[in-house]
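Residue-level structural notes
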Amino acid sequence: MENISLEMVLFLLGAGFTASFIDSVVGGGGLISLPALLLTGLPPNIALGTNKLASVMCTLTSTISFLKSGKVNIGAVKYLFPLSFCGAVAGVYVVRHMPPQFLRPLVVVMLIVVAIYVLVKKDWGKESTYRGLTKKTGLLSALAALLLGFYDGFFGPGTGSFLIFAFLLLGFDFVEAAGNAKVLNFASNIAAIVTFMLLKAVNYQYGLIMGVGMIVGALAGSRLAIRQGVAYVRPLFISVTGLLIGKQLWDLIH
């Protein structure tokens, strides 16, 4: 274990808190945490694994907060959780054999569609109209959980936005959609971190320190979302989706 300076500890804690405060509700925390880890000098593959370790701590904390507040529909997510996990395992396996960059243009288009749809339908997600899964919606939900789990393991950016959008389509309000999405995101994160650990691509010291910051940020972010409700979650969702679009366009151009 290397000696780590107080400045580095504070930097990792601060970056972790800031990233998870946002990520705990609508995802997108990797826009902050991953560049922060790269700034410490970690190689990209180690930074990815280390970020995933901290992210698991964040998503677990958020999941528990949403569960305790009753903002997770256990009846729906208990069937989708293993599908998200299995999809992520497949995604992580496939990404080792082929580059995921060809997905970037498609992801940009999909994120733009999601953002426009939410902006146009101003009252969408204000109140829950969910009345249970039918045979059709159950099948579509299972397919979405499997595919988005695969996408998270294979590429990742925008997973939180896509999961929330999927649950909004089922009739959940924004807060419930965020809670359900966080549970499935936790499933795919577990699959990813196990793979990174097996590949020995994790700096545990940095990851655990950042993870402590993420736990505090996730508690603060999820509790604020639960307390403030849709009025807070909807604009945050639109803002983070917009940032994700900008980031993917920048990467695509460069």
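Above this text you will find the structure in question.
Treat the numbers as computed from the prediction; the structure is a model and nothing was measured.

A tally of helices and strands in the protein chain yields ten helices and zero strands. The N-to-C order of helical and strand elements in the protein chain reads α-α-α-α-α-α-α-α-α-α. Taking 254 residues into account, the globule formula puts the C-alpha radius of gyration at 18 Å, and the protein chain, at 17 Å, falls close to it. Across the 254 residues of the protein chain, 50% fall into the buried class. Taking the intrachain contacts of the protein chain between residues at least 6 apart in sequence as the baseline, contacts between residues at least 24 apart amount to 85%. About 12000 Å² of surface is accessible on the protein chain, with carbon and sulfur atoms providing 70% of the total.

Another point: the environment of Ser33. Checked against the element boundaries, Ser33 lands in helix α2 (residues 30-39). A relative accessible area of 1% means that Ser33 is categorised as buried. Measuring from C-alpha to C-alpha, the distance between Ser33 and Tyr93 comes to 24 Å, with 60 residues separating the pair along the chain. Beyond its immediate chain neighbours, meaning those up to four positions away, Ser33 contacts Ala19, Asn51, Met210 and Met214. One polar contact links Ser33 to Asn51, side chain to side chain, over a distance of 2.5 Å.

Bringing a nonpolar patch on the surface into the picture now. A grouping of Ile112, Ile116 and Val120 is seen on the molecular surface, where their side chains present a nonpolar patch of about 270 Å² in accessible area. For Ile116, the position within the fold is in helix α5 (residues 104-120).

Here is what the cut-offs are and how they apply
Residues numbered from 1 in each chain as written. Predicted model: local features only at pLDDT ≥ 70, side-chain atom pairs only at ≥ 80, totals over all residues. Heavy atoms only, no water. Helix = DSSP H or I, 4+ residues; strand = E, 2+ residues; numbered from the N terminus. Rg over C-alpha atoms; globule rule 2.2 N^0.38 Å. Buried < 20%, exposed > 50% of the residue type's maximum accessible area, 1.4 Å probe, protein only. Contact = heavy atoms within 4.5 Å. Areas by Shrake-Rupley, 256 points an atom, 1.4 Å probe, with all protein chains shown as cover. Polar contact = N/O pair within 3.5 Å; in protein donor to acceptor, adjacent residues only side chain to side chain. Patch = residues over 30% accessible without salt bridge, like charges linked within 9 Å, V, L, I, M, F, W, Y side chains within 5 Å. Salt bridge = Lys/Arg side-chain N within 4 Å of Asp/Glu carboxyl O.

Everything listed here is a matter of geometry and, on its own, says nothing about what the molecule does.
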